[in-house]
Amino acid sequence: NAIIIFIQKAIGQGIGILFGANGEILTEKSGNLNLGVPGMMYMGGIAGLSAALDVILERGVEDIQQMEHGLMQKFYEGVKDIDGVTVYGDFAAPVRGAIVTLNIRDYDSSAVSDALSENYGIATRPGAHCAPRMHRALGTTEQGAVRFSFSCYNTEQEVEEAIRAVREIAAE
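Residues numbered from 1 in each chain as written. Predicted model: local features only at pLDDT ≥ 70, side-chain atom pairs only at ≥ 80, totals over all residues. Heavy atoms only, no water.

> In this structure, what is going on with helix 6 (residues 156-171)? I would like to understand it.
Every α-helix carries 3.6 residues per turn, so stepping three or four residues along brings you back to the same face. Relative to the 22 Å expected for 16 residues at 1.5 Å per residue, helix 6 spans 23 Å between its end C-alpha atoms, a close match to the ideal helical length. Buried within helix 6 are the following residues: Val159, Ala162, Ile163, Ala165, Val166, Ile169 and Ala170. Along the axis of helix 6, the buried positions cluster into a sector of 160°, meaning they face one direction only. Away from its buried face, by an angle of more than 90 degrees, helix 6 presents the exposed residues Gln157 and Ala171. Tucked into the core, helix 6 has its buried residues touching helix 3 (61-79), strand 1 (85-88), strand 2 (99-104), helix 4 (109-120) and strand 4 (145-149). (Helix = DSSP H or I, 4+ residues; strand = E, 2+ residues; numbered from the N terminus. Expected span 1.5 Å × (residues − 1). Buried < 20%, exposed > 50% of the residue type's maximum accessible area, 1.4 Å probe, protein only. Arc of directions from axis to C-beta. Contact = heavy atoms within 4.5 Å.)

Structure representation (structure tokens):
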């Protein structure tokens, strides 16, 4: 059951394999990396999925979820009270993904994401996140939002650096 949930999450978040019927070309989502050869699968994606399953089987889903949640909670606690930062979501919910979505002042989410990447080496996702109705409800249709996603490969030091980066950008 945990493996099925992981595969759904992995594909939904971008492990790049499209499944098709017999005779269809399997390609990486963002481009045709199999060079158009019918039946040739995206081996990098398959190898990555295999390695990810090995990690899950070795560490256990519960341990991974607990670690991710702890990192997410630490980041949330570190940014929620910074002047000019608006954090979206219910952090009291008993079950939630290890994601923190925020905005800094009225700054465009793409500009914030670019600053995080260029000045701090932090990868985030800006924009509407395929959720236009949510952004309409939040009043962030034009601004979008910046999404921080935490995984079992992140460290507490990286979370502290991300908190510092948000604090510095908000102070500008």
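> Could you clarify how one ought to interpret the packing of helix 4 against helix 6 in this entry?
The angle between the axes and the distance between the axes are what describe a pair of packed helices. Relative to each other, helix 4 and helix 6 sit at 120°, their axes nearing to 11 Å. Here helix 4 is positioned oblique relative to helix 6, judged by the angle of their axes. As helix 4 packs across helix 6, the resulting crossing turns out to be right-handed. In contact with Val112, Ala115, Leu116 and Tyr120 of helix 4, helix 6 contributes Arg164, Ala165, Glu168 and Ile169. When its residues are assigned to classes, the contact of helix 4 with helix 6 shows 6 nonpolar, no polar and 2 charged. (Axes fitted to C-alpha atoms, helices over the stretch in contact; angles between N-to-C directions. Parallel < 35°, antiparallel > 145°, perpendicular 65-115°, else oblique. Left-handed = near helix turned anticlockwise from the far one by under 90°. Nonpolar A, V, L, I, M, F, W, Y, C, P; charged D, E, K, R; others polar.)

> I keep staring at the side chain of Thr124 and nothing clicks. Help me out?
With respect to the secondary-structure elements, Thr124 resides in the loop between helix 4 and strand 3 (125-127). Of the polar contacts made by the side chain of Thr124, one reaches the side chain of Ser113; its length is 2.7 Å. In this view, Thr124 contacts Ser113, Leu116, Val146, Arg147 and Phe148; residues no more than four positions away in its chain are not counted. (Polar contact = N/O pair within 3.5 Å; in protein donor to acceptor, adjacent residues only side chain to side chain.)

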